[in-house]
Amino acid sequence: MKIILTLLFLTSNFSALSLSPNEMLVIVGAVKYYNENCSGLNSAGFQRMNKGLKRFKMNKIPIPILEQQLLAISSYQTAEKFGCIETKNEAYKAGFGQYIN
C-alpha cells in the first residue's frame, strides 16, 4: 500500500511540473493577450515561459503558425473577455502571480 501511495505521489508531482502541448498553447494565448494589452510578464515570467517553450520545442514554431492553433486563439479570446484585471486575478489563483507585472 505504501508503495502504491508513493508511486501516485511521485507521478502526481512529475505531471504537475510538465505541461502538455495543449496546455502550453492555452498559456501562450493568454500570455500573448496579457503582453499586448496589459502590463505584461516580468523577467521571471519571460524566463519561465521560455523554459516551457523550449521543453516542447515550440520556440522553433513561428508566431503566425502558433496563432493558427485553436487553443491559443481560444485562450487569447477568453483573456480578452476577462480583461486585464480578471486575467491577473486568474493568474494569481493559478499560482502564477509572481510572473506577471
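Caption draft 1: How the structure looks around the overall build of the chain. Along the chain, the regular secondary structure elements total 5 helices and 0 strands. When contacts within the chain are restricted to residue pairs at least 6 apart in sequence, long-range pairs at least 24 apart make up 74% of them. As displayed, the chain offers around 7,200 Å² of accessible surface, 63% of which is attributable to carbon and sulfur atoms.

Caption draft 2: Broad picture of the nonpolar core. Core analysis: the largest hydrophobic core is formed by 16 residues, its most contacted members being Val-28, Tyr-33, Leu-41, Met-49, Leu-53 and Ile-100. Of the residues forming this core, the biggest block, 6 residues, is contributed by helix α2 (residues 21–37). Discounting residues that sit within four places of it in the chain, Ile-100 has contacts with Tyr-34, Gly-40, Leu-41, Asn-42, Lys-88, Ala-91 and Tyr-92.

Caption draft 3: Seen up close, the confidence of the model for the chain. Summary statistics for the chain give a mean pLDDT of 76 and a share of 75% for residues scoring 70 or more. Per-element confidence in the chain is highest for helix α5 (residues 70–93), whose mean pLDDT is 88, and lowest for helix α1 (residues 2–17), whose mean pLDDT is 49.

Caption draft 4: The state of the cysteines, seen in detail. The full count for this structure, using the stated rule, is 1 disulfide. What pairs with Cys-38 in a disulfide is Cys-84, and their sulfur atoms sit 2.0 Å apart. Judged by the sign of its S-S torsion, about -90 degrees, the bond between Cys-38 and Cys-84 is left-handed. One end of the pair, Cys-38, is in the loop between α2 and α3 (43–55); the other, Cys-84, is in helix α5, and 46 residues separate them in sequence. Judged by its relative accessible area of 17%, Cys-38 falls in the buried class.

Calculation rules
- For every chain, the first residue of the written sequence is number 1, and numbering continues from 1 onward in sequence order.
- Per-residue local features are limited, in this predicted model, to residues with pLDDT of at least 70; the limit for side-chain atom pairs, both in listing and counting, is 80 or more; totals at the level of whole chains, interfaces and linings are taken over all residues.
- The basis for the side-chain values is all heavy atoms of the structure; hydrogens and waters are excluded.
- Secondary structure follows DSSP: runs of H or I at least 4 residues long count as helices, runs of E at least 2 residues long count as strands, and numbering of each begins at the N terminus.
- Note on contacts: a residue pair is in contact if any heavy atoms of the two residues lie within 4.5 Å.
- For the area figures, the Shrake-Rupley method with a 1.4 Å probe applies, and any residue is considered shielded solely by the protein chains shown.
- Side-chain atoms within 4.5 Å are what join buried Ala, Val, Leu, Ile, Met, Phe, Trp, Tyr and Cys residues into a set we call a nonpolar core.
- Accessibility here uses a 1.4 Å probe with only protein chains present; expressed as a share of the type maximum, an area under 20% marks a residue as buried, one over 50% as exposed, and anything in between as partly exposed.
- pLDDT measures the predictor's confidence residue by residue and takes values from 0 up to 100.
- Any two cysteine sulfur atoms within 2.5 Å of one another count as a disulfide.

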